[in-house]
Amino acid sequence: GSGAYCINAAKAHPHITAVVLDLPPVVEVAREFIAANGVSDQVEAQACDFTKDPFPGGADVAIMASNQSLYGGDFIREVLRKAFAALEPGGEMHFIGHLLNAERTGPAETATWALDQAIKRGTGHAHSVADIRRYFEDAGFTEIQDGDFLPNMLEWVRGVKPA
């Protein structure tokens, strides 16, 4: 995406480096945002089709944000397996997105988002927090936690690659 998470992390923590992975046209825009925010020495953007390409290794933290409703569970499991392989032992995976509650009854924003994706793209799926936690477990993550990222809109799930 735009690199917003990496840009803000770099501004808050001048000792870190980050890599934004996305499709080539998006990478060009991310590079503009990165430069405009003065963090080009810390943040880079690389072309990567995460549906096909491996992830670069040696990461301490990986983030997947706001696109999971485009994909089914098998695909997300594969992305989490690739992230797990790319992380150093003790590294963390953070998953941020529109997720249904355990009862799959809401929030309404999430259900509407997933329905829109299903209608427009034909692959949309409304994942619940429990679904994503299970996908994390399937990939090998431990110490799995979840909570609100933006209340009633975005949820957060985190897992750790065992040391």
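Residues numbered from 1 in each chain as written. Predicted model: local features only at pLDDT ≥ 70, side-chain atom pairs only at ≥ 80, totals over all residues. Heavy atoms only, no water.

A. Representation of the overall build of the protein chain in the model. Within the protein chain one finds five helices and six strands. For 163 residues, the compact-globule estimate of 2.2 N^0.38 gives 15 Å, and the C-alpha radius of gyration of the protein chain, at 16 Å, lies within 12% of that figure. Dimensions of the protein chain, computed from C-alpha atoms along their principal axes, come out at roughly 45 × 35 × 30 Å. A buried classification covers 39% of the 163 residues belonging to the protein chain. In the protein chain, of all internal contacts separated by at least 6 residues, the share reaching a separation of at least 24 is 66%. Summing over all exposed atoms, the protein chain offers an accessible surface of approximately 8600 Å²; the carbon and sulfur share of this is 55%. The protein chain carries 13 positive and 22 negative side-chain charges, and their two centres are separated by 4 Å. (Helix = DSSP H or I, 4+ residues; strand = E, 2+ residues; numbered from the N terminus. Rg over C-alpha atoms; globule rule 2.2 N^0.38 Å. Buried < 20%, exposed > 50% of the residue type's maximum accessible area, 1.4 Å probe, protein only. Contact = heavy atoms within 4.5 Å. Areas by Shrake-Rupley, 256 points an atom, 1.4 Å probe, with all protein chains shown as cover. Lys, Arg positive; Asp, Glu negative; His and termini not counted. Charge placed at Lys NZ, Arg CZ, Asp CG, Glu CD.)

B. Expanded view of helix H5 (residues 129-139). Within H5, burial applies to Val129, Asp131, Ile132, Tyr135, Phe136 and Ala139. Taken down its axis, H5 places every buried residue within 160° of arc, on the same side. Looking at the packing, one finds that the buried side of H5 touches helix H3 (73-86), strand E4 (87-97), strand E5 (142-150) and strand E6 (154-160). Just downstream of H5, Gly140 is the residue with a positive phi angle, here 110°. (Arc of directions from axis to C-beta.)

C. Spotlight on the nonpolar core. By size, the foremost hydrophobic cluster in this structure holds 21 residues, and its most contacted members are Leu80, Met93, Phe95, Ile132, Phe136, Phe141 and Val157. Listed by contribution, the elements that provide at least two residues to this core are strand E3 (59-65), H3, E4 and H5. When residues of this core are assigned to their parent elements, the largest contribution, six residues, is made by H3. Ignoring any residue separated from it by four or fewer positions in sequence, one finds Met93 in contact with Ala62, Ile63, Met64, Leu80, Ala83, Leu87, Phe136, Phe141, Val157, Arg158 and Gly159. (Core = buried A, V, L, I, M, F, W, Y, C linked by side-chain atoms within 4.5 Å.)

D. Geometry of the sheet that holds E4. Read across the sheet, four strands follow the order E3-E4-E6-E5 without closing on themselves; strand pairing throughout is mixed. Of all the strands in the sheet, the pair left with one neighbour each is E3 and E5. In this sheet, adjacent strand axes meet at a mean angle of 15° when their direction is disregarded. Note that E4 and E6 share six bridges and pair antiparallel. The residue bridging Phe95 from the neighbouring strand is Val157, located in E6. (Pairing = 2+ DSSP bridges. Axes fitted to C-alpha atoms, helices over the stretch in contact; angles between N-to-C directions.)

E. Spotlight on the packing of H3 against H5. In the contact formed by H3 and H5, the axes pass within 9 Å of each other and the chain directions differ by 45°. Between H3 and H5, the crossing angle belongs to the class labelled oblique. At the point where H3 passes H5, the crossing takes the right-handed sense. In contact with Gly73, Ile76, Arg77, Leu80, Arg81 and Phe84 of H3, H5 contributes Ile132, Tyr135, Phe136, Asp138 and Ala139. A breakdown of the residues in the contact of H3 with H5 according to their chemical character gives seven nonpolar, one polar and three charged. (Parallel < 35°, antiparallel > 145°, perpendicular 65-115°, else oblique. Left-handed = near helix turned anticlockwise from the far one by under 90°. Nonpolar A, V, L, I, M, F, W, Y, C, P; charged D, E, K, R; others polar.)

Structural measurements only, silent on function.
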